[in-house]
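Examination of the molecular architecture
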Amino acid sequence: MKIFVYHTPELTPSDTIPECAIAVDVLRATSTMATVLAAGGEAVQVFSDLNQLIEVSENWPAEKRLRAGERGGGKVAGFDLGNSPLDCTEEVVEGRRLFISTTNGTRALQRIQDAPIVLTAALINREAVVKFLLEKQPETVWIVGSGWEGTFSLEDTVCAGAIAHSLCQQFNASLEELAGNDEMISAIALYSQWQNDLLGLLHKASHGQRLLRLECYEDLKYCSQTDILDILPIQQEPGVLKSYHK
Ligand code: 3SL
């Protein structure tokens, strides 16, 4: 297995596709997706365009759908939800499909949606992702950070490092054996430095600061936890993610 880390979707090569691609948006899209499926959501369907989301979800029974829209960290007017994982309780999401559009996370997913295996990862479901990779052993894995409008984000790269770090340990493999690019090694270095204070790192991150200005302190706290959900969102058809079962 070779693991490649890309800090943003824009940095992924356009002439090849990996066997397995993983989208990461710790703050907060992929944390929300894992939370929705863990709380019994039927599926998560992602859109980059808000109008298209409304159009497609119109064909779904109203009591079985939820529309979530985020722009600039805030909830889009007229939508049921914004992008806070804390709003996705069992009571709200059970048996329903979440139609969601966010600034960066949904764009990252769309960039990788042609890979044979597409997963989403966050710190909260990191180990579920690692378990899957150990079981399937895909030859090439891309871990793609969503970043913020094309730029690097600490929280996505630290999550990529958390996944790669656990894989190295559990494979009992050296960095050179697993590293597909230098970014993978630097992601592990970032994780190694911050693994005991991930909330501290999220507070320093520029998007963490943006969310703190929007009073989303509890979201940062929730998203900074590691391995609390044994759930793996996996793409079933382009743009539609369900929970993986063996
Ligand atoms: O950029 C995204 O996709 C979002 O996750 C951003 S936010 O955390 O909802 O502001």
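Criteria and cut-off values
- Residues numbered from 1 in each chain as written.
- Predicted model: local features only at pLDDT ≥ 70, side-chain atom pairs only at ≥ 80, totals over all residues.
- Heavy atoms only, no water.
- Helix = DSSP H or I, 4+ residues; strand = E, 2+ residues; numbered from the N terminus.
- Buried < 20%, exposed > 50% of the residue type's maximum accessible area, 1.4 Å probe, protein only.
- Contact = heavy atoms within 4.5 Å.
- 1 Å grid on protein atoms, 1.4 Å probe; cavity = no way out; pocket = protein on both sides within 12 Å on 5 of 7 lines; lining within 4 Å.
- Points joined across faces, edges and corners; volume = space filled by probe spheres on them.
- Nonpolar A, V, L, I, M, F, W, Y, C, P; charged D, E, K, R; others polar.
- Axes fitted to C-alpha atoms, helices over the stretch in contact; angles between N-to-C directions.
- Parallel < 35°, antiparallel > 145°, perpendicular 65-115°, else oblique.
- Left-handed = near helix turned anticlockwise from the far one by under 90°.
- Core = buried A, V, L, I, M, F, W, Y, C linked by side-chain atoms within 4.5 Å.

Points about the environment of Ala 164
Along the chain, the position of Ala 164 falls in helix H6 (residues 154–171). Residue classification places Ala 164 among the buried residues on the basis of a relative accessible area of 0%. Beyond its immediate chain neighbours, meaning those up to four positions away, Ala 164 contacts Met 184 and Ile 188.

Let's talk about the layout of surface pockets
Approximately 230 Å³ is the volume attributed to the largest pocket. Taken together, Ala 128, Lys 131, Phe 132, Glu 135, Asp 230, Ile 231, Leu 232, Ser 243, Tyr 244, His 245 and Lys 246 make up the lining of the largest pocket. Sort the elements by how many residues they give to the lining of the largest pocket and helix H5 (residues 126–136) lands first, with four residues. Residue composition of the lining of the largest pocket, by class: five nonpolar, two polar and four charged.

With respect to the packing of H5 against H6
Taken N-terminus to C-terminus, the directions of H5 and H6 make an angle of 45 degrees; their axes are 10 Å apart at the nearest point. On the basis of the axis angle, H5 is oblique to H6. Of the two possible hands of crossing, H5 and H6 adopt the one that is right-handed. Along the contact surface, H5 presents Arg 126, Glu 127, Val 129, Val 130, Leu 133 and Leu 134, while H6 presents Ala 162, Ile 163, Ser 166, Leu 167, Gln 170 and Phe 171. Of the residues belonging to the contact of H5 with H6, the class tally is eight nonpolar, two polar and two charged.

With respect to the nonpolar core
Ranked by internal contacts, the top residues of the largest apolar core, which has 75 residues, are Ile 22, Val 44, Leu 119, Leu 133, Ile 143, Ile 163 and Met 184. Leaving out residues up to four positions away in the same chain, Val 44 has contacts with Met 33, Val 36, Leu 37, Leu 98, Ile 100, Gly 239, Val 240 and Leu 241. Judged by nonpolar contacts, the second largest core, of five residues, contains Phe 47, Leu 53, Phe 79 and Phe 99.

Overview of empty space enclosed by the protein
Under the definition given, this model contains one cavity of 30 Å³ or more. In this model, the largest cavity occupies a volume close to 60 Å³. Lining the largest cavity are Asp 25, Leu 27, Arg 28, Glu 70, Gly 73, Asn 83, Thr 102, Thr 103, Asn 104, Trp 148, His 207 and Leu 211. Class assignment of the residues belonging to the lining of the largest cavity gives a composition of three nonpolar, six polar and three charged.

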